[in-house]
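Reading the structure
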Amino acid sequence: MHELSIALRAVETILEDLAEQNGKVMSVQIRVGALSGVVPDSLRFAWDVACADTRLSGSTLEIEEVPVRIWCESCQREHTLPDADFVFRCPICAASITEVLAGRELEILSVEISEYESPQAD
Ligand SMILES: [Zn+2]
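The residue numbers shown here count from 1 along each chain, following its written sequence. Predicted model: local features are reported for residues with pLDDT of at least 70 only, side-chain atom pairs are reported and counted for 80 or more only, and whole-chain, interface and lining totals are derived from all residues. Note that water and hydrogens are dropped before the side-chain values are worked out from all heavy atoms of the structure.

**Description of the pairing of strand S1 (residues 25-33)**
Only strands that DSSP links by at least two bridges are regarded as paired with each other. Every helix listed is a DSSP run of H or I at least four residues long, and every strand listed is a run of E at least two residues long, numbered separately from the N terminus. As paired elements, S1 and strand S6 (residues 106-113) share seven bridges and run antiparallel to each other. Each bridged residue has a counterpart across the sheet, and for Val32 the counterpart in S6 is Leu106. Two elements, S1 and strand S2 (residues 60-66), share seven bridges in a ladder whose sense is parallel. Looking at S2, one finds that Val28 is bridged to Leu61. In this view, the connection linking S1 to its parallel neighbour S2 by way of helix H2 (residues 40-51) has right-handed handedness. Looking down the strands as they point away from the viewer, one classifies a crossover as right-handed if the path from the first strand across the helix to the second runs clockwise.

The structure is reproduced here in structure tokens:
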């Protein structure tokens, strides 16, 4: 499953980023574009497997799905495609699309870490 390798890579990246920080990871927000090739449900499923036995174990994966946005030269405006059916035509005038503005995203937006009790006394 393609999503598992994506989940594993995301977990690895987060662990590296948090190497200097204490605390347990509670939730992770990931932005997934409709054209990224990632199926959100599969990614959610893969997440638990990828997080097992790490500081991310038990963390919640929040997926922000980004629809496909295109720029139509002939309408001279931006449109959001109703679904990613990969037919790159303007939904209004049916012109071929040359510019995809959004939908290819696959990025980690934020990571929430549980409060860590400071070992420092005053
Ligand atoms: Zn158009």
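Text resumes after the structure shown.
**Focus: the sheet that holds S1**
In spatial order, the strands read S2-S1-S6; together these three strands make up an open sheet with mixed pairing. Each end of this open sheet is capped by a strand with a single partner; those strands are S2 and S6. Across the sheet, the mean angle separating the axes of adjacent strands is 20° when strand polarity is ignored. Contacts were defined at the residue level, with two residues in contact if any of their heavy atoms lie within 4.5 Å. Angles here are taken between N-to-C directions and fall from 0 to 180 degrees, while the axes themselves are lines fitted to C-alpha atoms, restricted in helices to the stretch in contact. The strands that helix H1 (residues 2-17) touches are S1 and S6; relative to S6, the one it contacts most, it runs at about 50°. Contacting S1 and S2, H2 crosses the sheet at an angle of about 160° to S2.

**What about the coordination of the zinc ion?**
Coordinating donors are taken to be N, O and S atoms lying within 2.8 Å of the metal, or within 3.2 Å when the metal is Na, K or Ca; because water is excluded from the atom set, some sites may appear incomplete. Within the protein, Cys72 (SG), Cys75 (SG), Cys90 (SG) and Cys93 (SG) serve as the donor atoms for the zinc ion, at 2.1 to 2.3 Å. Viewed at the metal, the four donor atoms of the zinc ion are separated by angles of 103 to 115°, and the geometry they form is tetrahedral. Mapped onto the sequence, the residues coordinating the zinc ion show the spacing C-x2-C-x14-C-x2-C. Only protein chains enter the accessibility calculation, which uses a 1.4 Å probe. A residue is then buried if its area is under 20% of the maximum for its type, exposed if over 50%, and partly exposed in between. For Cys90, a relative accessible area of 4% gives the class buried. Tetrahedral means four donors with every angle between 85 and 135 degrees, whereas square planar (four donors) and octahedral (six donors) require angles over 155 degrees between opposite donors and between 65 and 115 for all others; sites fitting neither are termed irregular.

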